[in-house]
Amino acid sequence: MNRSEGAGGTSAAEWARRDAAAVWHGFTQMAVYEDSTPVIVERGEGNYVYDTDGRRYLDAISSLWVITLGHADADLNRAARGQLDRISHSTLLGNGNTAAITLAEALREVVPVDGARCLFASDGAAAVEQAVKIAFQYWHNQDVTDRTAYLALGHAYHGDSVGSLSVGDGGFGTDLFDPLRFPVIRTPGYDDGDWAAKAVAAVDRHHRRLAAVVIEPLVQGAAGMLVTDPEAVAAFAATVQARGVPLICDEVATGFGRTGALFASELCGIRPDLMCLGKGITGGYLPLSATVAASHVYEAFLGEDLGPRTFYHGHSYSGNALACAVATRHLELISERGLIDAARRAAGRLGAALEAVEALPAVKEVRRRGLMTGIELDPPPGASKWGRKVCAAAVRAGVLLRPLGDVVVVMPPLSITDDEIETIGRTLVSAITEVAGGEAGA
């Protein structure tokens, strides 16, 4: 295809102009959007996306951590088409649909939540928002009105709605919204070797007023892939639940095979009272999330029709039939294809491929759990935007990465191949060397 003409004969520059004229991109300064030469994706196939010029890019960030089986998977396509011939959506407010029921049953079989009940939404932030509200009302439904505080960790990220933003630890320019956030008890994140002991001490001090504790098990993804040990998470969770405080595990990013198990909570040997799922739940096909509640939490909401115990919360697209049908097939395919074992093997190969990256003088640290990887760069004084520059160099080489400040994130799909892992490693070495060398010569 002619590099100057993309899909429908329209040039890439024209697509970017149309994009900037009509679309407002999140976490993006639109005044300079076109200047950053954005990749305008026209289609996807396997672990690759193709831009409007027909150029191919290895999707090494799973399209922001959502793709699991690659793009345009034949089996997921069939599941979507099959559901379209039945019904694409019907409300779950007071009624049901067979696709949502089937998915909820399938999730009950695999989530580490006792007597699981699923409340569906459309994204991870909404799943966390639901969990925060459920925990608050859980106590009120038992005539306990003084448990209104939440404990969360430093560097936490749980989404961008006001409630999820509150239990998160700011950053990304969100300090502006501090007046909208409710205060929480904040203890150190996973970059502190004593985070668990400090969090346990805080729970011991404050447990009588805690509505819930919120954590990202094993990996704080948006913080730059800060990692901890399963034993630390298990010890902390044991204290929280022994004190009678509901534990909310935000597995929006860590769920569906990213850490080496279907859910990170499994690796920690914990069974949360509330679990938040999103991102990879449909294999990246459709927006869907779920707040999974343990039976003792769910049962606290049972009572008279339209009575005060009812959870007055819901979304128009909750339990969307099309998304649920794809999510159910996605769960089946993870098992049928042995993708958890495959992801573990791929994680080992990724670790080996990143040894050369970690050895670079411009790299401060490589942090990884399973396929979730953060490469922290070490720019000299006065250097700026190294993360962004490295990712731009990788894009020029045909690999999509994502910066979080000066941390370059790598999170390939579960379907990543050995050759593609080697490509990621080589590209990172080249891109980091190019940026560091450019700064040295400036």
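Computed from a prediction, not measured in an experiment: that's the story for all the values here.

(A) How the structure looks around the nonpolar core. Ranked by internal contacts, the top residues of the largest apolar core, which has 71 residues, are Val111, Leu277, Ile375, Leu401, Leu428 and Ile432. Broken down by element, the residue count for this core peaks at ten residues, all from helix H11 (residues 321-336). Among the nonpolar cores identified, the runner-up in size contains 36 residues, and Trp195, Leu210, Ala237 and Val409 belong to it.

(B) Up close: the sheet that holds strand S2 (residues 48-51). Taken in spatial order, the four strands make up an open sheet running S1-S2-S3-S15, and their pairing is mixed. Of all strands in the sheet, those bounded by a partner on one side alone are strand S1 (41-45) and strand S15 (399-400). Here S1 pairs with S2 via four bridges, running antiparallel. Pairing of Val41 across the sheet is with Asp51, part of S2.

(C) Up close: the packing of helix H3 (residues 74-84) against H11. It is the contact of H3 with H11, at a shortest axis distance of 9 Å, that shows an interaxial angle of 145°. As for the relative orientation of H3 and H11, their crossing is right-handed in sense. Together, Asp75, Leu76, Ala79, Ala80, Gln83 and Leu84 of H3 and Ala321, Leu322, Ala325, Val326, Arg329, His330 and Leu333 of H11 make up the contact between the two elements. For the contact of H3 with H11, a count of residues per class yields nine nonpolar, two polar and two charged.

(D) Structural context of the packing of helix H4 (residues 98-110) against H11. At their nearest, the axes of H4 and H11 sit 8 Å apart, and the two run at 35° to each other. You can see that H4 and H11 cross each other, and the crossing is left-handed. Between H4 and H11, the contacting residues are Ala99, Ala100, Thr102, Leu103, Ala106, Leu107 and Val110 on the first element and Ala321, Cys324, Ala325, Ala327, Thr328 and Leu331 on the second. Considering only residue class, the contact of H4 with H11 consists of eleven nonpolar, two polar and no charged.

(E) Structural context of the sheet that holds strand S4 (residues 117-121). Strand order in the open sheet formed by seven strands is S4-S12-S11-S10-S7-S5-S6, and the pairing between neighbours is mixed. The open sheet has two edge strands with one neighbour each: S4 and strand S6 (185-187). Sheet twist, expressed as the mean angle between neighbouring strand axes with direction ignored, is 20°. Alignment of strand S11 (residues 274-277) against strand S12 (residues 289-293), held across four bridges, turns out to be antiparallel. Within S12, the residue paired with Met275 across the bridge is Val292. In this fold helix H8 (residues 230-242) packs onto strand S5 (149-153), strand S7 (210-215) and strand S10 (247-250), with an angle of close to 170° to the strand it touches most, S7.

(F) Quick peek at the packing of aromatic side chains. Applying the stated criterion across every chain yields a total of six aromatic pairs. Centroid distance Tyr150 to Phe182: 5.6 Å. Interplanar angle 40°. Geometry classified as tilted. Here Tyr150 is found in strand S5, whereas its partner Phe182 is found in the loop between helix H6 (162-167) and S6, with 32 residues between them in sequence. Using a relative accessible area of 29% as the deciding quantity, one classes Phe182 as partly exposed. What links up through ring pairs into an aromatic cluster is the set Tyr190, Trp195 and Phe236. In this structure, Arg147 is placed above the aromatic ring of Trp139, and the distance from its NZ or CZ to the ring centre is 4.1 Å.

(G) Region of interest: the pattern of salt bridges. Counting across every chain of the model gives 18 salt bridges. The partner of Glu434 in a salt bridge is Arg396, with the nearest N and O atoms 2.7 Å apart. Within this pair, whereas Glu434 is found in helix H15 (residues 418-441), its partner Arg396 is found in helix H14 (residues 386-396), the two being separated by 38 residues in sequence. For Glu434, a relative accessible area of 43% puts it in the partly exposed group. Linked through salt bridges whose partners overlap, the residues forming this network are Asp73, Asp75, Arg78 and Arg337.

(H) The arrangement of the pairing of S10 in detail. Burial along S10 is two-sided: Leu247 and Cys249 and Ile248 and Asp250, pointing in opposite directions, are all buried. Pairing of S7 with S10 involves three bridges; the strand directions are parallel. Along S10, the bridge assignment pairs Val214 with Ile248. Pairing of S10 with S11, which is carried by three bridges, proceeds in the parallel orientation. Following the sheet pairing, Cys249 is matched in S11 by Met275.

Reading guide: rules and limits
- Residues numbered from 1 in each chain as written.
- Predicted model: local features only at pLDDT ≥ 70, side-chain atom pairs only at ≥ 80, totals over all residues.
- Heavy atoms only, no water.
- Core = buried A, V, L, I, M, F, W, Y, C linked by side-chain atoms within 4.5 Å.
- Buried < 20%, exposed > 50% of the residue type's maximum accessible area, 1.4 Å probe, protein only.
- Helix = DSSP H or I, 4+ residues; strand = E, 2+ residues; numbered from the N terminus.
- Pairing = 2+ DSSP bridges.
- Axes fitted to C-alpha atoms, helices over the stretch in contact; angles between N-to-C directions.
- Left-handed = near helix turned anticlockwise from the far one by under 90°.
- Contact = heavy atoms within 4.5 Å.
- Nonpolar A, V, L, I, M, F, W, Y, C, P; charged D, E, K, R; others polar.
- Phe/Tyr/Trp six-rings, centres within 6.5 Å; stacked < 30°, edge-to-face > 60°.
- Lys NZ or Arg CZ within 6 Å of the ring centre and 35° of its normal.
- Salt bridge = Lys/Arg side-chain N within 4 Å of Asp/Glu carboxyl O.

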